[in-house]
Amino acid sequence: MPKVYKPGKVAIVLQGRQAGKKVVVIKQLDEGTKERPYPHAIVAGIERYPRKVTRTMGAKKLQRRSRVKPFIKVINYSHLFPTRYALELEGLKNSVAAEHFKEPSQREDARKTIKKLFEERYQTGKNKWFFQALRF
């Protein structure tokens, strides 16, 4: 079976609280682990997408509307839907590891670094399609 979920691949979550949200695969574990004996992936996604901005808005309002609320999660392959798109992850790879899910403070720190990276990417205008909510 070909490897569908490679690091940087964009997928859509099908089940759970984040169903319908776009995620990017950070690390894939095709064989599973001792704690999770099923194929799964560590993903980072956007829980709350940035809002629409217009030219007439002030700088403070523009900054507030450009916020991104990310999430990091371990998701079973059967709950992910792969897309043909990919995202370059120069900073995402080393920001989240499997050990970050054991301690809540480490998980929060990883989420903050991902938030910074996502907002930076959104501000530069790269991958605009990733920062727009799915319409279905």
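Details of the structure are given in the entry above.
Here's a quick rundown of the structure. Given the structure is predicted, the values throughout are model-derived calculations rather than measurements.

Let's shift gears to helix H2 (residues 104-124). The terminal C-alpha atoms of H2, which comprises 21 residues, lie 30 Å apart, in line with the 30 Å expected from a rise of 1.5 Å per residue. Of the surrounding elements, those touching the buried residues of H2 are strand S2 (22-29), strand S3 (40-48) and strand S4 (69-76).

The grouping of Arg48, Arg51, Lys60, Lys61, Arg64 and Arg67 at the surface amounts to a positive patch. A total of three residues in the positive patch trace back to one element, the largest contributor, which is helix H1 (residues 59-65). Relative to the elements of secondary structure, Arg51 occurs in the loop between S3 and H1. Judged by relative accessible area, Arg51 falls into the exposed class, the value being 54%.

Right, let's get into the pairing of S2. Extensive coverage of S2 is indicated by the burial of six of its eight residues. Alignment of strand S1 (residues 9-13) against S2, held across three bridges, turns out to be antiparallel. If you follow Val10 over to S2, its bridge partner there is Val24. Here six bridges tie S2 to S3, and the two strands are oriented antiparallel to one another. For Val24, the partnering residue across the bridge sits in S3 and is Ala44.

Next up on the list: the layout of surface pockets. Remark: the empty space left among the atoms is shown by a probe the size of a water molecule rolled over them. Taken as a whole, the largest pocket spans an internal volume of roughly 280 Å³. Along the walls of the largest pocket sit 14 residues, with Pro50, Arg51, Val53, Tyr122 and Gln132 positioned nearest its centre.

What follows deals with the environment of Leu80. Among the secondary structure elements, Leu80 is positioned in strand S5 (residues 80-86). Remark: the alpha-carbon pair of Leu80 and Gly91, spanning 11 residues in sequence, is separated by 23 Å. If we skip the residues at most four places from it in the chain, Leu80 touches Tyr5, Ala11, Ile12, Val13, Leu14, Val23, Ala41, Val43 and Ile75.

Rules and cut-offs
Residues numbered from 1 in each chain as written. Predicted model: local features only at pLDDT ≥ 70, side-chain atom pairs only at ≥ 80, totals over all residues. Heavy atoms only, no water. Helix = DSSP H or I, 4+ residues; strand = E, 2+ residues; numbered from the N terminus. Expected span 1.5 Å × (residues − 1). Contact = heavy atoms within 4.5 Å. Patch = residues over 30% accessible without salt bridge, like charges linked within 9 Å, V, L, I, M, F, W, Y side chains within 5 Å. Areas by Shrake-Rupley, 256 points an atom, 1.4 Å probe, with all protein chains shown as cover. Salt bridge = Lys/Arg side-chain N within 4 Å of Asp/Glu carboxyl O. Lys, Arg positive; Asp, Glu negative; His and termini not counted. Charge placed at Lys NZ, Arg CZ, Asp CG, Glu CD. Buried < 20%, exposed > 50% of the residue type's maximum accessible area, 1.4 Å probe, protein only. Pairing = 2+ DSSP bridges. 1 Å grid on protein atoms, 1.4 Å probe; cavity = no way out; pocket = protein on both sides within 12 Å on 5 of 7 lines; lining within 4 Å. Points joined across faces, edges and corners; volume = space filled by probe spheres on them.

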